[in-house]
Amino acid sequence: MTTVARSTALTVGVVGKGGVGKTTVAGLLAGAWAGQGRAVVAIDTDSNPNLGLSLGLSLEDTEAVPELPRSAVVGGGGGLSAAELVERYGRPTPAGPTLLSAIKVAQAGAGCTCGGHATVRSLLADALADVDVTLVDMEAGLEHLSRSGGTLAHADLLLVVCEPTRKSVVTAARTAALAAELGIPRLLAVGNKARTPADEEYLRAALAEEGLAVAGVLPYEERIVAADRAGDLGIRAPSPAMLPALEEVLSAVDALAEDAPA
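Residues numbered from 1 in each chain as written. Predicted model: local features only at pLDDT ≥ 70, side-chain atom pairs only at ≥ 80, totals over all residues. Heavy atoms only, no water.

(A) Quick look at the pattern of salt bridges. Under the counting rule described, the total for this entry stands at six salt bridges. Aspartate 254 is the partner of arginine 38 in a salt bridge, and the nearest nitrogen-oxygen pair spans 3.1 Å. Here aspartate 254 lies in helix H9 (residues 243-258) and arginine 38 lies in the loop between helix H1 (22-35) and strand E2 (40-44), a separation of 216 residues in the sequence. Across the salt bridge formed by glutamate 200 and arginine 204, the nearest N and O atoms sit 3.0 Å from each other. Of this pair, glutamate 200 and arginine 204 both sit in helix H7 (residues 197-209), four residues apart, roughly one helical turn. (Salt bridge = Lys/Arg side-chain N within 4 Å of Asp/Glu carboxyl O. Helix = DSSP H or I, 4+ residues; strand = E, 2+ residues; numbered from the N terminus.)

(B) Representation of helix H6 (residues 166-182) in the model. When the terminal C-alpha atoms of H6 are compared, their 25 Å separation across 17 residues agrees well with the 24 Å that a helix rising 1.5 Å per residue should span. Close packing links the buried residues of H6 with strand E1 (10-16), strand E6 (157-162), strand E7 (187-194) and H7. Just beyond H6, the residue with positive phi is glycine 183, at close to 90°. (Expected span 1.5 Å × (residues − 1). Contact = heavy atoms within 4.5 Å.)

(C) Structural context of empty space enclosed by the protein. On inspection of all chains with the given rule, the structure shows one cavity of 30 Å³ or more. Empty space within the largest cavity amounts to approximately 30 Å³. As for the largest cavity, its lining consists of Asp44, Pro49, Gly52, Thr62, Val65, Leu99 and Ser101. Residue composition of the lining of the largest cavity, by class: three nonpolar, three polar and one charged. (1 Å grid on protein atoms, 1.4 Å probe; cavity = no way out; pocket = protein on both sides within 12 Å on 5 of 7 lines; lining within 4 Å. Points joined across faces, edges and corners; volume = space filled by probe spheres on them. Nonpolar A, V, L, I, M, F, W, Y, C, P; charged D, E, K, R; others polar.)

(D) Representation of the pairing of E1 in the model. The element E1 is extensively covered by neighbouring structure, given that seven of its seven residues are classed as buried. Side chains Leu10, Val12, Val14 and Gly16 of E1 all project onto a buried face; the interleaved residues Thr11, Gly13 and Val15 project onto the opposite face, where all are buried too. Where E1 meets strand E5 (residues 133-137), five bridges bridge the pair, whose relative direction is parallel. The residue of E5 that forms the bridge with leucine 10 is valine 133. Looking at chain direction, E1 and E6 are connected through five bridges and run parallel. When the bridges of E6 are listed, valine 14 appears paired with leucine 159. (Buried < 20%, exposed > 50% of the residue type's maximum accessible area, 1.4 Å probe, protein only. Pairing = 2+ DSSP bridges.)

In structure tokens, the structure reads:
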């Protein structure tokens, strides 16, 4: 992939209905941006964190990534800066991005994860001067968009991952409405798991009917399923079949970001 120079940092939230392959897509995109020579921080806000696996870490190493302290306050009166939080709690991954784990439910009755979401919101509000792309892999569903202030209130762009089903498209439309209420300025849909040209055609048409712009449609990858079953979830590099669609998504994100008002 060719390197695309950017003059400003970009914060991207990745959301979607459960089972659409959201975390796999987040890992592929983060790794692709890192492969372009960009400094990438990937933040896992799922209470069952798996993004580290998609970025090439073992299960043991993924579970060993320290959770961001819920009491952390970025900047201001003596709090750590965003850069300091990344340096202290971030872990390098084989795919290239630095991984942060924001939320982890390790025991029953542990209580609300609101503190972790507030920490991420604070982190995104601060300046990460040395980071080109901050990617936030959100928990499946819509609940995180309903919080007061919103975890992704400071995101530049929301990517909604969809598979070729009506339920997935409906969820994407609902997500778009909530994102608009939160004030997230831009949203793109990313199709995933397209097995046939008919799947891709359906996704593009159905999402367009909902008024959603489509960044690209990624093909179904049997090797990802096989890797999952074998316990090797690290997607070190996209397959040749996936490259054109992945390039399309990256180009669409960059074009939308470049057109954003200063």
